[in-house]
Protein chains: 2
Amino acid sequence: MKPNLKVSLVRFAAFALGFVVTGVRAQDPLPSWNDGGAKQSIVDFVKATTETDGAKFVAPEERIATFDQDGTLWVEHPMYTQVVYCLERVPALVKTRPEIKNKEPFKTVLSGNREAMAKLSQDDLMKILAATLSGMSVDDFNAEAKKWIAEAKDPRWKRPYTELTYQPMQEVLQYLRDNGYKTYIVTGGGQDFVRVYAEQTYGIPPEQVVGTAGGTKYGYDKNGKPFLTKEPKLLLNDNNAGKPEGIHMMIGRRPSAAFGNSTGDKQMLEYTKAGDGARLAMIVLHDDAAREYAYGPAQGLPDTKVGTFTQALYDEAKKNGWTVISMKNDWKVIFPFESK
Amino acid sequence: MKPNLKVSLVRFAAFALGFVVTGVRAQDPLPSWNDGGAKQSIVDFVKATTETDGAKFVAPEERIATFDQDGTLWVEHPMYTQVVYCLERVPALVKTRPEIKNKEPFKTVLSGNREAMAKLSQDDLMKILAATLSGMSVDDFNAEAKKWIAEAKDPRWKRPYTELTYQPMQEVLQYLRDNGYKTYIVTGGGQDFVRVYAEQTYGIPPEQVVGTAGGTKYGYDKNGKPFLTKEPKLLLNDNNAGKPEGIHMMIGRRPSAAFGNSTGDKQMLEYTKAGDGARLAMIVLHDDAAREYAYGPAQGLPDTKVGTFTQALYDEAKKNGWTVISMKNDWKVIFPFESK
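Below you will find a few notes about this structure. On a predicted model such as this, the values are computed, not experimentally measured, just so you know. (Residues numbered from 1 in each chain as written. Chains lettered and ligands numbered in written order. Predicted model: local features only at pLDDT ≥ 70, side-chain atom pairs only at ≥ 80, totals over all residues. Heavy atoms only, no water.)

### A closer look at helix 9 (residues 191-202) of chain A
Residues that lie three or four places apart on an α-helix share one face, since the helix turns once every 3.6 residues.
Residue and element names in this part refer to chain A.
Here comes step 1: The buried count for helix 9 comes to 10 of 12 residues, which makes it a mostly enclosed element.
Here comes step 2: Of all the residues in helix 9, the buried ones are Gln 191, Asp 192, Phe 193, Val 194, Arg 195, Val 196, Tyr 197, Ala 198, Thr 201 and Tyr 202.
Here comes step 3: Just downstream of helix 9 lies Gly 203, where phi reads positive at about 70°. (Buried < 20%, exposed > 50% of the residue type's maximum accessible area, 1.4 Å probe, protein only. Helix = DSSP H or I, 4+ residues; strand = E, 2+ residues; numbered from the N terminus.)

### Thoughts on the packing of helix 9 of chain A against helix 10 (residues 242-250) of chain B
Here comes step 1: At a minimum axis distance of 10 Å, the contact between helix 9 of chain A and helix 10 of chain B shows a crossing angle of 60°. Overall, the two elements helix 9 of chain A and helix 10 of chain B adopt an arrangement that is oblique. Along the contact surface, helix 9 of chain A presents Gln191(A), Asp192(A) and Arg195(A), while helix 10 of chain B presents His248(B), Met249(B) and Met250(B).
Here comes step 2: Residue classes in the contact of helix 9 of chain A with helix 10 of chain B are distributed as two nonpolar, two polar and two charged. (Axes fitted to C-alpha atoms, helices over the stretch in contact; angles between N-to-C directions. Parallel < 35°, antiparallel > 145°, perpendicular 65-115°, else oblique. Contact = heavy atoms within 4.5 Å. Nonpolar A, V, L, I, M, F, W, Y, C, P; charged D, E, K, R; others polar.)

### Structural notes on empty space enclosed by the protein
Here comes step 1: Tallied over the full model, the rule gives three cavities of 30 Å³ or more.
Here comes step 2: Of the voids in this model, the largest cavity is the one considered here, and its volume is about 50 Å³.
Here comes step 3: Lining the largest cavity we find Arg254(A), Tyr271(A), Val138(B), Asp139(B), Pro226(B), Phe227(B) and Leu228(B).
Here comes step 4: Going through the elements one at a time, helix 7 (138-151) and strand 4 (226-236) of chain B are the ones with two or more residues in the lining of the largest cavity.
Here comes step 5: In terms of residue count, strand 4 of chain B provides more of the lining of the largest cavity than any other element does, three residues in total. (1 Å grid on protein atoms, 1.4 Å probe; cavity = no way out; pocket = protein on both sides within 12 Å on 5 of 7 lines; lining within 4 Å. Points joined across faces, edges and corners; volume = space filled by probe spheres on them.)

### Here we look at the packing of helix 3 (residues 81-96) of chain A against helix 6 (residues 122-133) of chain A
Residue and element names in this part refer to chain A.
Here comes step 1: Look at helix 3 against helix 6: their axes get within 9 Å of each other, and the N-to-C directions meet at 65°. Put simply, helix 3 runs roughly perpendicular to helix 6. Seen along the crossing, helix 3 lies across helix 6 with a hand that is left-handed. Every residue of helix 6 that contacts helix 3 at Gln 82, Val 83, Tyr 85, Cys 86, Leu 87, Arg 89, Val 90 and Leu 93 is listed here: Leu 125, Ile 128, Leu 129, Ala 131, Thr 132 and Leu 133.
Here comes step 2: Taken together, the residues that form the contact of helix 3 with helix 6 break down as 11 nonpolar, two polar and one charged. (Left-handed = near helix turned anticlockwise from the far one by under 90°.)

### Some remarks on the sheet that holds strand 1 (residues 64-67) of chain A
Residue and element names in this part refer to chain A.
Here comes step 1: Here seven strands make up an open sheet; going across it, the order is 4-3-2-1-5-6-7 and the pairing mixed. Bordering the open sheet on either side are strand 4 (226-236) and strand 7 (323-326), each of which pairs with just one other strand. The average angle at which neighbouring strand axes cross in this sheet is 30°, direction not considered.
Here comes step 2: As paired strands, strand 1 and strand 2 (residues 182-190) are joined by four bridges and run parallel to one another. The residue of strand 2 that forms the bridge with Phe 67 is Ile 185. (Pairing = 2+ DSSP bridges.)

### Comments concerning the pattern of salt bridges
Here comes step 1: Per the counting criterion, the structure on display carries 32 salt bridges over all chains.
Here comes step 2: Here Arg97(A) ties to Glu99(A) by a salt bridge, and the two come within 3.6 Å at their closest N and O atoms.
Here comes step 3: Overall, the relative accessible area of 33% leaves Arg97(A) in the partly exposed class.
Here comes step 4: In this structure Glu99(A) comes out as partly exposed when scored by relative accessible area, which is 49%.
Here comes step 5: Ionic pairing is found between Arg253(B) and Glu207(A), a salt bridge with its closest N-O pair at 3.0 Å. Here the residue Arg253(B) occupies a position in the loop between helix 10 and strand 5 (257-260), and Glu207(A) occupies one in the loop between helix 9 and strand 3 (209-220), the pair thus bridging two chains. (Salt bridge = Lys/Arg side-chain N within 4 Å of Asp/Glu carboxyl O.)

### Section: the pairing of strand 4 of chain B
Residues and elements named next belong to chain B.
Here comes step 1: The pairing of strand 3 (residues 209-220) with strand 4 spans seven bridges and is classified as antiparallel. Within strand 4, the position partnered with Thr 216 by the bridge is Lys 230.
Here comes step 2: The turn joining strand 3 and strand 4, which pair antiparallel and follow one another in sequence, is formed by five residues; a positive phi near 85° is taken by Gly 224.

### Brief notes about the sheet that holds strand 4 of chain B
Sheet strands pair by backbone hydrogen bonding; their relative direction is either parallel or antiparallel.
All names here are of chain B.
Here comes step 1: The strand order 4-3-2-1-5-6-7 describes an open sheet built from seven strands, whose pairing is mixed. Single-partner strands in this sheet number two, and they are strand 4 and strand 7 (323-326). Adjacent strand axes in the sheet meet at a mean angle of 30°, parallel and antiparallel pairs treated alike.
Here comes step 2: Helix 2 (residues 37-50) rests against strand 5, strand 6 (280-285) and strand 7 of the sheet, and its axis sits at about 155° to strand 6.

Remember that the coordinates give geometry; whether it matters functionally is a separate question.
Now the structure itself:
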């Protein structure tokens, strides 16, 4: 091809694509959001950080947005999905390790007595998590978790957990990506567990999932083939201060935008907001018992141990310019299946 | 815009761009490589994994390639660049911590006696690394390291270390990226240190640098502004078995291609090669004393403690279908500045 023709074609192609992209952008990128301050703060942030000649322009390679998962991107009540997974793995675990059958807390889980299970202590839960999330190869764990997530259903909606994502947040993920942002999950949940379904569920690849992570151990099988075994050794507790620490470890840049819903996200939101230039910090308030759940205890909502959102956190949000998202008032629909 | 016009424009734009891209691809993507087995193995791998209808096609989102840094992407002899940095930081460190002035190993470093410094034990070096790479905020460390890397020069070539990258490997990085691969550095060096210059030097962003990593601690300054402090706590020793373990932690996928040069890369190459489908494992042999350095002790080359390449590793490479790159025979030029 003649160089001039090549240049002309590139220019025309760029023009044509630009034209189309502009056409798409003119549509509302956040159709499931009611008009109001929350929606506006997202649109304003994207505009400010992507306008090439703007004072708050962020270079494309520096566009990082981080999202908590449980309670921010999908349902976390009445129990974190991963905890359900671990409890349901106990019978299979006992088959390979019969010696724990009559030991607590496994005995209680095997009894099926939901009242007794609800009373398990944090320590008991940690024992169950450690036992069901380590000791196997990475490949075996991935296969087990993938199978479970494809089959398990939430008891209230009778749908796979992966369908209980929030449609308005799916739109934010897409809108940010369309504007050059890399979207990350930064979750207190297990990194390996969330990586199993994040790509299919949110379009977020494994390398963009930061979560609580245990170590692995490299070794060889009897044929000399190398594999990794999941170890019961905590490398990163990706909650509270662990979130900015994990972001530094895994991403190495301060996010421009962060989204959370509970006290476990406080430090990530502070860290994001403390950077220079335009910063977006948003926090979801679960105030919609009819369509989803209502819990706080901020704003007089019922108290909870799962995804606690205290009044102190609410006050910090208001004081520091974070945007509180009211599920009840800001979201037209909650789940993707409502729109279909 | 009418939908049909939009579709036509997108199709034409895609066609035009595809045409241009094909034109570019027809040029030799690896001009600094001599024709031969090493160059051919790279071209064959890329072709096999990107041909849509091929049996070994790898989906674009799964295209991961990992590169050791020291000795694979740039010069590591006679001393790792980061070790030079740490030794040169000692005088500044003593100003803030005068109590270590007369303590070993700092006393020896301050003496400037190169013979005595060369005899420092591994333990002594670890003490120097810990003292110069932790205790400060992440922002302060980044600023210091950035300043040093911009000013420091290699004593043999009298050029910044960032100019001592291998031109043939820069071409491999670009060639893989042009074909949809995400390129990662997986280094035994400090993750934070390498992240300071990797984007500018190799086009590899911080989030794609996996390295030996210490913990950080979240806290607040006197104005209540949050910041992270680098702690002397090892989270990931990204050498040997730590390389596949670090790849799992930070990327969560097995690479399709991996590049190394020493025993510290053995497990990463094994792990990469053990996956299904087309896999590329390459290892650089420093056999060019005239243009760079010669060390092994594989193939009768001089022994070394920096970037050791044993005969056992050479034999494993040959046995397992890894490609050994001979700097002397496979590379037309070593450094980018030679081509200018």
